[in-house]
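# Results of the structural survey
Residues per chain are reported as follows:
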Amino acid sequence: MNPGPLVFLATFFALATSWLGFVVMPQLQIGRQQQVEIKDTGEMYPARRPGLAKQGEEVYRANGCYYCHSQQVRPLGFGTDVARGWGARPSPVQSVAQDYLYDQPVMLGSQRVGPDLTNIGLRQTNEVWLLSHLYNPQLTSKGSTMPPYPFLFMKSKLALGEKPSPNAVFVVNGPKENYEILPTDKAKALVAYLGSLHSEAIVFETPPFPSTNAPAASTNAPVIATATNSVPTNSPAK
Amino acid sequence: MSATISPSQSISTGSPQAVPEISAAEIDASCRAPVMLLFLSAAGWVLASSFFGIIASLKFHKPVMLADYSWLTYGRVHPAASNALVYGFGLQAGLGVLLWLVAHLGRTKLASAPLVIAGWLFWNVGVTLGILGIIGGDSTGYEMLELPRYASVPMFFGYLGIGLAGMLTFHQRRERELYISQWFLLAALFWFPWIYSSANLLLVAKPVRGVMQAVIDAWYANNLTTVWFGLVGLGAAFYLIPKITKRPLASHYLGLFTFWTLIIFGSWSRVPAGAPVPAWLPALSTFAAVLTLVPILAVAVNVKQTLCGYSGSEGCNPALKFIAFGMAAYVLSGLMSVGASLGRVSKITNFTWFVPAQMQLVIYGFFAMTMFGAIYYIVPKLTQREFCKPKMVAAHFWLAMLGIVLYAAPLAIGGVKQGLALNDAKTPFLDVVTGTLPFLRASTTGDLLMAVGHLIFLMNLAGLLVKLGHASYKTAMSLNTKAAGVAS
């Protein structure tokens, strides 16, 4: 007997089963998800990213930010994601498949060398803070292990008495020369992308806590407020 | 019959048969150029991987180091290192070993060597473009599949060329009975083009929407590391361990059992618990991951019984040392993976350095070490020369072994510590991160040792080639002078 075809069939059978189970089946289940309307606000969720944030997603991908930052808040009871203020949903369930509908590529991340960024757009709304943090993390978060990204910025000399550009992240008045740090288009796009990262809307898969559900329909607005208040603006969970 | 066939039988020349025998030397001669090319470029890539890995590692000593250049940022050199290791070294070394084994086990010459050489060229052009692409910011953004489209297309066709040559060699085999290794290697030949084309079509060419991307990426990465590396590494080990120790594999049926359980359970795991996907996916994944205990234990028993009581006249055989270490790492990394998939443990290890430690133990500790051993066994036969400096082969073994231990152990321990600290909400996040730094810095030692090992590896191979080139130059010269003598 020639066992060659048997090996081939065994391989085909095993791989086909795995492919059907882990590629085709989940694709049938969640591959055709659509935007949903949020009951309270009537907005469609998730929103498509505006152009600049979309470009920022490319910067995030190109520089591999996701090797250190996850974008995935695990449910209540799984780790301390909620206690650390990374979640923004008033629900025991946090990140769900619906949140990633328009991410291209989806960068869930597999490491937490830095904090989770699922809701960084709610946690840190100060763009200058974010730009300074990218230029040199030590300026905003002393002791941070994040590398600086000076290549996302331009250093521009200032002549004596010249006014700094309104876009300058900050101005350095040195003993010999004055200069300003300007964000490149990439830095601006990246900050716009970070600002677009938020998933606080209550959707079908994330039932709200029973207690908050009881007093009529809770809107999203107070939710955002509590989420931002839980972390002081200038010292986000680094 | 097939149950008791052993490689020493199947290779031994001289058993009278109707078909004219092809000697082992002839088979080696047919493999020489293509397989040596695959091995040499693999050795080059593993050294390149070390280079990128050390740069990535330095960032944990001083974040500002080399920060001024976008192409040296952590998020680029880290994937460059892992892709150079997996695609530059892993796939090429694996395919070289696979071709040689398929030819020898089938007692036939390698079919269509030009196809392999063309495939080798496509593959290396692809990997080079891809690594440069990642460094330049063109990574696809999917872990383990970062190489951009302009790299993966030539790589895919390169694989098809090499794979086709492997299939043809298998098809024209003169030994019809199959040895256990052939099951593993044949399955591996089919496995890669399916998963690679599927993942590239659904993630890069025509991306599926939303979190399905993460599911397919996890499926692909698991199939590559657990199944493909598993099949090739175990296939090689089940041939080479009996061959070197001159004892038959303890159990042929246990080997077959390993094959079936590995391809069935191994291909279902590694969707992490807590991921934002339908709950049945991680649940099924965990179930399958626990079942991979079966092939892991089957390998442990089979290898242990084969080696049991082996005193070793060949005791200092460096190839056997590499492979034995590889098998130990296979069992250990398998147990770590099963542990990390269990509910309670996964709550600690998820998102920590424990996961990359386990991954590196599979890719390097198990697969790369087994391949080093196989290459050290095969290359002297291909070139019909012994290594000039056996001590340097031993040095490579000790550097690689200490290197991977000093790399993986601190990360695994640091990862558990990190996970426990992360789960304590009272520990500030920055303290959790800085708590991992001593472990990360310790693992740099491992990176450095492995890098020196890779340099020695490349020098060992190159040294042999120089010796071979020198000898063939001499014979050519002497033929020349003879011819000249005749002419005059």
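This report concerns the structure included in the present document. Keep in mind that what you see is a predicted model, and the values were worked out from it rather than measured.

What counts and what doesn't
Residues numbered from 1 in each chain as written. Chains lettered and ligands numbered in written order. Predicted model: local features only at pLDDT ≥ 70, side-chain atom pairs only at ≥ 80, totals over all residues. Heavy atoms only, no water. Helix = DSSP H or I, 4+ residues; strand = E, 2+ residues; numbered from the N terminus. Rg over C-alpha atoms; globule rule 2.2 N^0.38 Å. Buried < 20%, exposed > 50% of the residue type's maximum accessible area, 1.4 Å probe, protein only. Contact = heavy atoms within 4.5 Å. Areas by Shrake-Rupley, 256 points an atom, 1.4 Å probe, with all protein chains shown as cover. Lys, Arg positive; Asp, Glu negative; His and termini not counted. Charge placed at Lys NZ, Arg CZ, Asp CG, Glu CD. Core = buried A, V, L, I, M, F, W, Y, C linked by side-chain atoms within 4.5 Å. Phe/Tyr/Trp six-rings, centres within 6.5 Å; stacked < 30°, edge-to-face > 60°. 1 Å grid on protein atoms, 1.4 Å probe; cavity = no way out; pocket = protein on both sides within 12 Å on 5 of 7 lines; lining within 4 Å. Points joined across faces, edges and corners; volume = space filled by probe spheres on them. Nonpolar A, V, L, I, M, F, W, Y, C, P; charged D, E, K, R; others polar. Buried area = accessible area lost by both parts, 1.4 Å probe. Salt bridge = Lys/Arg side-chain N within 4 Å of Asp/Glu carboxyl O. Polar contact = N/O pair within 3.5 Å; in protein donor to acceptor, adjacent residues only side chain to side chain.

## Brief notes about the overall build of chain B
Within chain B one finds 15 helices and zero strands. For chain B, the C-alpha radius of gyration of 23 Å lies close to 23 Å, the compact-globule estimate for 488 residues. Expressed along its principal axes, the backbone C-alpha trace of chain B runs to roughly 90 × 55 × 50 Å. Across the 488 residues that make up chain B, the buried fraction comes to 60%. Considering only residue pairs separated by 6 or more positions, chain B has 85% of its internal contacts joining residues 24 or more positions apart. For chain B, the exposed surface amounts to about 17600 Å²; the carbon and sulfur share of it is 72%. Each charge class in chain B was averaged separately, 30 positive and 15 negative side chains, and the resulting centres sit 4 Å apart.

## Looking at the overall build of chain A
Looking only at helices and strands, one finds eight helices and five strands in chain A. Across the 238 residues that make up chain A, the buried fraction comes to 53%. Considering only contacts within chain A whose residues lie at least 6 apart along the sequence, 69% involve residues at least 24 apart. Here chain A has roughly 11000 Å² of accessible surface; of this, 62% comes from carbon and sulfur atoms.

## Details of unusual backbone geometry
All names here are of chain A. The peptide bond linking Tyr 45 to Pro 46 adopts the cis configuration, its omega dihedral lying at -10°. Structurally, Pro 46 is set in the loop between strand E2 (44-45) and helix H2 (51-62). Following Gln 104, the chain continues into Pro 105 via a peptide bond in cis, with omega recorded as -5°. Considering the arrangement of structural elements, one finds Pro 105 in the loop between H2 and helix H3 (120-123).

## Describing the nonpolar core
If you look at the biggest cluster of nonpolar residues, it comprises 200 residues, and the most contacted ones within it are Tyr 87, Phe 192 and Trp 228 of chain B. With seven residues, the next largest nonpolar core counts Val 73 and Trp 86 of chain A together with Ala 421 and Phe 429 of chain B among its residues.

## Here's the deal with the packing of aromatic side chains
All names here are of chain B. Inspection of every chain in the model, using the stated rule, returns 42 aromatic pairs over all chains. Ring centres of Tyr 159 and Phe 192 lie 4.8 Å apart, and the angle between their planes is 40°; this geometry places the pair in the tilted category. Here Tyr 159, found in helix H5 (residues 149-171), pairs with Phe 192, found in helix H6 (residues 180-205); they are 33 residues apart in sequence, far enough to count as distant. Note on Tyr 159: relative accessible area 1%, which makes it buried. On the basis of relative accessibility, which here comes to 0%, the residue Phe 192 falls in the buried class.

## Looking at empty space enclosed by the protein
Under the criterion given, the structure shown has five cavities of 30 Å³ or more. Volume-wise, the second largest cavity comes out at about 490 Å³. Lining the second largest cavity are 32 residues, with His 69, Leu 117, His 133, Leu 134 and Met 146 of chain A sitting closest to its centre. Mapped by element, the contributors of at least two residues to the lining of the second largest cavity are H2, H3, helix H4 (127-135) and helix H6 (185-195) of chain A together with helix H3 (74-105) of chain B. Of the residues belonging to the lining of the second largest cavity, the class tally is 21 nonpolar, eight polar and three charged.

## What to know about the interface of chain A and chain B
Across the boundary between the two partners, chain A contributes 75 residues, which contact 84 residues of chain B. In total, chain A and chain B occlude about 6700 Å² of area from one another, counting both sides; carbon and sulfur atoms represent 67% of this. Between the two partners, chain A and chain B, sit zero salt bridges. Seen at the junction of chain A and chain B, the total is 25 residue pairs in polar contact (both at pLDDT 80 or more). Elements supplying a minimum of two residues to the side of chain A that touches chain B: helix H1 (4-30) and H2 of chain A. Broken down by element, the residue count for the side of chain A that touches chain B peaks at 21 residues, all from H1 of chain A. Its residues assigned to classes, the side of chain A that touches chain B comprises 40 nonpolar, 27 polar and eight charged.

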